[in-house]
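Chain by chain, the residues:
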Amino acid sequence: MLEPDRGLSLTIARVVQRLQGSSLHSQLERQVSLHKPEIKLESLKEDIKDFLKTSGWEKKLQNAVYSELNVFPSPCHPAAPPEHIKEPLAYMRKAQGSWEKRILKSLNSMCTELNIPLAQKRPANEQKELLNKWNEMGTDEPDLSLFRPVYAPKDFLEVLMNLRNPNYENGEQPSFRNHLGLIQVPLKVKDIPELKEDFNELGLNIGQLGIDDSAQVPPEFFENEHVRVGQKVLAEQDSAAAQQYVRQGCPTALRADLWALILNISNQPEDILYYEQLKSNVIQHDLLVDSLIYKDVKLTASNDDYYFVFEDYLYQVLLCFSRDTSVLEHFTYSSATPPKSYIQGKLGMEEYAVFYPPNGVIPFHGFSMYVAPLCFLYHEPSKLYQIFREMYVRFFFRLHSISSHPSGIVSLCLLFETLLQTHLPQLFYHLREIGAQPLRISFKWMVRAFSGYLATDQLLLLWDRILGYNSLEILAVLAAAVFAFRAVNLMEVTSLAAAEVRISFT
Amino acid sequence: MPVRIWGDAVVGLRSPVPQVQEIVFRNFYTAFLSVRVQRPGPGGSRRWMTCLRDLCLMPCPHTEEGSQDYFCLHRHQVSMSGWDRGVTSLWCSPLSAHTPGWLPLQGSGAHVPLTPMAARVPVPHSAPPALTGRCLPWTSSIWGGLGVLGGCPKSCPQSVPAPVVTLPVPSLQMLCDLDQVTAMRFILRQPSPVWLHFTIEDLQIFPLGQKSPQKDFPSWLSQLTPPEQPASLHGELPDPEKVSTEVQQMWVLTEVIRARQAAARIGRFDVDGCYDVNLLSYT
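Note that this is a predicted model, so its numbers are computed, not measured.

Rules used in this analysis
Residues numbered from 1 in each chain as written. Chains lettered and ligands numbered in written order. Predicted model: local features only at pLDDT ≥ 70, side-chain atom pairs only at ≥ 80, totals over all residues. Heavy atoms only, no water. Phe/Tyr/Trp six-rings, centres within 6.5 Å; stacked < 30°, edge-to-face > 60°. Buried < 20%, exposed > 50% of the residue type's maximum accessible area, 1.4 Å probe, protein only. Helix = DSSP H or I, 4+ residues; strand = E, 2+ residues; numbered from the N terminus. Salt bridge = Lys/Arg side-chain N within 4 Å of Asp/Glu carboxyl O. Patch = residues over 30% accessible without salt bridge, like charges linked within 9 Å, V, L, I, M, F, W, Y side chains within 5 Å. Areas by Shrake-Rupley, 256 points an atom, 1.4 Å probe, with all protein chains shown as cover. Axes fitted to C-alpha atoms, helices over the stretch in contact; angles between N-to-C directions. Parallel < 35°, antiparallel > 145°, perpendicular 65-115°, else oblique. Contact = heavy atoms within 4.5 Å. Polar contact = N/O pair within 3.5 Å; in protein donor to acceptor, adjacent residues only side chain to side chain. Core = buried A, V, L, I, M, F, W, Y, C linked by side-chain atoms within 4.5 Å.

A few words on the packing of aromatic side chains. Using the criterion set out here, one finds 37 aromatic pairs over all chains in the structure. Here Phe 364 of chain A and Tyr 370 of chain A contribute two aromatic rings whose centre-to-centre distance is 6.2 Å and whose plane-to-plane angle is 75 degrees, an arrangement assigned as edge-to-face. Take Phe 364 of chain A: its relative accessible area is 2%, and that puts it in the buried class. Accessibility expressed as a relative area gives 0% for Tyr 370 of chain A, which makes it buried. For the ring pair Phe 25 of chain B and Phe 71 of chain B, a centre distance of 5.7 Å and an interplane angle of 20 degrees mean the geometry is stacked. A residue pair is termed long-range when its members are at least 10 positions apart, and Phe 25 of chain B in strand S1 (residues 9-28) and Phe 71 of chain B in strand S4 (residues 70-74) qualify at 46 residues.

Now the structure itself:
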């Protein structure tokens with residue numbers, strides 16, 4: 001936190017700096033130069049203000065600034081080193097570091113065992129072949145039996161369960177200091193009154209799309225009115241209004257445009273060009289992570305009744321994503337650090353240091369499920385790609401890195417366990433006693449943001465709220481609500497396997 | 001009713017600081033901080049005065065929020081404001097209890113003479129001279145005897161309802177001037193029994209005039225809200241030749257910047273066209 005004035009200046013400085021490097025800046029420059037005769041030196045400021053208003057640039061700039069404010073955290077204390085901005089708690093940073101080392105070791109040993117490099121240039125004939133089948137990569141059936149996902153959510157849960165604050169009085173004997181759940185770090189999570197205040201628009205007396213049993217507002221009346229307002233919001237092209245609007249759910253027909261407006265994605269010609277360039281990078285270089293992506297898509301989305309049709313789209317997005325260096329920017333506010341390597345084995349020579357993969361993100365089992373639901377909304381690969389990238393750098397990275405952020409997976413787990421324990425203590429105790437800790441069941445739901453678990457229409461309604469509140473906390477609340485919904489059934493089970501069956505979504 | 005103080009430490013200054021401008025530190029599980037300063041009193045005596053009482057550093061002392069954050073105490077107000085690493089660095093030592101009601105702390109209890117350093121020498125994180133408090137193992141019976149039970153500033157979800165503590169309202173104003181300071185005492189409090197240690201680290205004290213180096217602001221930012229002054233066109237016009245040469249230089253600069261931006265947008269990940277990678281580096 002900073003004192004308001006200085007904090008504001010820092011925020012403005014950062015936003016301006018970032019916008020100056022964007023294509024928006026050059027576009028604006030070009031536009032202004034076209035309107036030069038209308039802008040006079042003696043009334044420069046007013047003329048520019050008028051120009052911005054009349055040309056619609058005011059909204060564009062507003063949306064760009066709003067997007068920056070949503071993505072980047074508030075400026076930290078300037079005395080704080082960069083790692084403090086990534087994650088303020090030293091022991092969390094250390095835990096994330098150890099976890100990353102494990103992933104690196106696993107990847108390295110896979111390379112050594114299979115005797116394949118992490119990256120190499122494709123021979124010309126292979127490049128041509130890949131280019132020809134770019135739109136039907138799903139038909140390819142490479143032998144991936146030797147590849148295994150680097151890690152799965154349950155491996156990650158084991159790490160989170162062992163996370164401890166060394167300065168916390170962790171006695172051997174159970175006491176009020178120990179949490180009864182699996183997560184043992186004393187983070188601050190919200191209680192029901194605080195959640196009610198934050199998620200005010202989800203109150204029972206407020207109309208919601210996707211809820212058909214609300215008695216207080218007749219659904220048809222609300223839906224018609226909501227669609228009308230949605231069209232108005234779209235016509236205004238205002239990101240902030242769109243974000244507020246989707247808190248009550250998006251009408252299916254407007255969702256794609258509203259999400260793009262919130263994420264400030266306009267799919268301009270230069271964005272399409274950028275995507276094409278990523279595509280050419282995929283064609284040129286063969287990466288080991290490509291095989292991991294293939295394997296993951298085959299294991300998850302291709303086996304899913306909803307998503308198997310999108311297999312080709314998934315490759316087109318995920319392979320390009322792994323080559324996108326602009327994703328590296330999110331490591332300034334993520335507790336994770338991108339893996340490093342040296343090309344041609346020139347170890348330790350900084351001029352040969354590179355990040356691997358180029359975007360710094362190693363996919364894990366289920367990663368492709370972050371993309372799959374978006375395929376229902378966007379058919380243009382470049383637009384689908386941009387939406388996914390923005391969703392990743394805003395939200396999804398928090399679901400597989402160790403941090404104390406309120407939307408981070410550790411806080412979500414603790415919020416889930418705390419809600420369940422506080423509001424369904426008997427159920428929590430029962431499941432704990434039979435060795436079916438609730439988090440063992442719900443962890444995978446939260447890590448995948450419920451993708452692959454909820455039916456698509458419901459999932460998109462859930463993601464509406466994630467975008468609307470710019471927070472992932474709703475995932476933990478929903479996970480706890482599912483347990484509450486199945487509480488009676490769950491009280492009868494006597495094993496983890498039985499509990500899993502009773503609470504499954506299918 | 002008195003609140004028990006679980007940590008106390010004194011910082012002494014070798015030469016008096018005429019006026020203290022700002023104090024910067026990194027918190028380590030201290031929930032409340034009070035600052036007392038020693039100033040010259042009548043007849044050459046020295047008086048201790050409280051300039052800050054129970055500043056809340058951790059809004060919910062049982063949980064992590066604020067536990068390892070950076071803080072800045074300003075001369076006129078208390079806030080968390082912009083600082084860089086030290087102009088004046090001081091180190092301090094833990095003291096044993098000074099007041100009968102206080103619980104003892106680990107470490108020796110001596111005033112440590114300190115030297116304001118002109119050089120930028122930050123206090124090392126792990127340096128032994130840090131303000132350190134030690135929580136004694138707190139049992140429920142101690143809670144019972146505390147006489148400070150009440151409501152926590154924010155609700156703190158715990159697995160089992162934890163004892164809650166009434167905590168004083170944090171002050172946000174300096175209660176006395178920070179002039180002619182000969183010694184400072186930092187009183188650290190942590191009412192929650194769940195933490196093994198609490199302390200403050202990286203303590204830096206900046207005298208007036210030696211303002212802490214700020215994070216780089218672009219110069220135009222300081223001119224964001226000046227009173228509007230329309231450009232005066234009545235004065236003598238500058239030499240066109242001179243303007244022309246300056247404009248040329250500006251033009252080159254904009255071209256350079258544009259070229260740089262273009263490079264950034266391409267987003268290359270290879271080195272000279274090569275991206276042959278065999279193994280990942282662990283460092």
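Picking up where we left off.
Residues and elements named next belong to chain A. For the structure shown, the criterion picks out 26 salt bridges over all chains. With its nearest N and O atoms 2.7 Å apart, the salt bridge here joins Arg 323 to Asp 290. Of this pair, Arg 323 sits in the loop between helix H15 (311-322) and strand S3 (340-343) while Asp 290 sits in helix H14 (residues 288-299), and the two are 33 residues apart along the sequence. There is no split in this pair, since Arg 323 and Asp 290 are both buried. Notably, a salt bridge pairs Glu 433 with Arg 432, separated by 3.9 Å at the nearest N-O pair. Looking at Glu 433, the relative accessible area reads 47%, which means it is partly exposed. Among the charged side chains, a network of salt bridges with common partners joins Arg 122, Asp 286, Asp 290 and Arg 323.

Our focus in this paragraph is the environment of Gln 277 of chain A. Summarising the element assignment, Gln 277 of chain A is placed in helix H13 (residues 269-284). For the pair Gln 277 of chain A and Cys 320 of chain A, spaced 43 residues apart in sequence, the C-alpha separation works out to 8.9 Å.

Once that is clear, we can look at a nonpolar patch on the surface. Residue and element names in this part refer to chain A. A surface patch of nonpolar side chains, amounting to about 270 Å² of accessible area, comprises Leu 41, Leu 44 and Ile 48. With respect to the helices and strands, the residue Leu 41 is situated in the loop between helix H2 (23-34) and helix H3 (44-55). Judged by relative accessible area, which is 64%, Leu 41 ranks as exposed.

A separate point is the packing of helix H20 (residues 456-469) of chain A against helix H21 (residues 473-485) of chain A. Residue and element names in this part refer to chain A. Running from N to C, H20 and H21 point in directions that differ by 140 degrees, and their axes come no closer than 9 Å. Taken as axis vectors, H20 and H21 run oblique relative to one another. Contact residues: Leu 462, Arg 465 and Ile 466 in H20; Ile 474, Leu 475 and Leu 478 in H21.

Moving on, we get to the side chain of Gln 184 of chain A. All names here are of chain A. With respect to the secondary-structure elements, Gln 184 resides in the loop between helix H8 (153-161) and helix H9 (192-198). With relative accessibility at 9%, the residue Gln 184 sits in the buried group. Only 3.2 Å separates the side chain of Gln 184 from the backbone oxygen of Gly 181, close enough to count as a polar contact.

Residues and elements named next belong to chain A. Structurally, the position occupied by Pro 338 is in the loop between H15 and S3. Each C-alpha atom, one on Pro 338 and one on Pro 357, is 8.2 Å from the other, the two residues being 19 residues apart in sequence. Non-local contacts of Pro 338, meaning those with residues more than four positions away in its chain, are made with Leu 328, Phe 331, Phe 355 and Gly 360.

Residues and elements named next belong to chain A. Counting residues in each nonpolar core, the largest one holds 181 residues, and the members touching the most others are Tyr 356 and Phe 388. Residues in contact with Phe 388, not counting those within four places in the same chain, are Val 317, Leu 318, Phe 321, Phe 367, Tyr 370, Val 371, Leu 374 and Phe 396. Membership of the second largest hydrophobic core comes to eight residues, among which are Val 15, Leu 19, Phe 51 and Leu 52.

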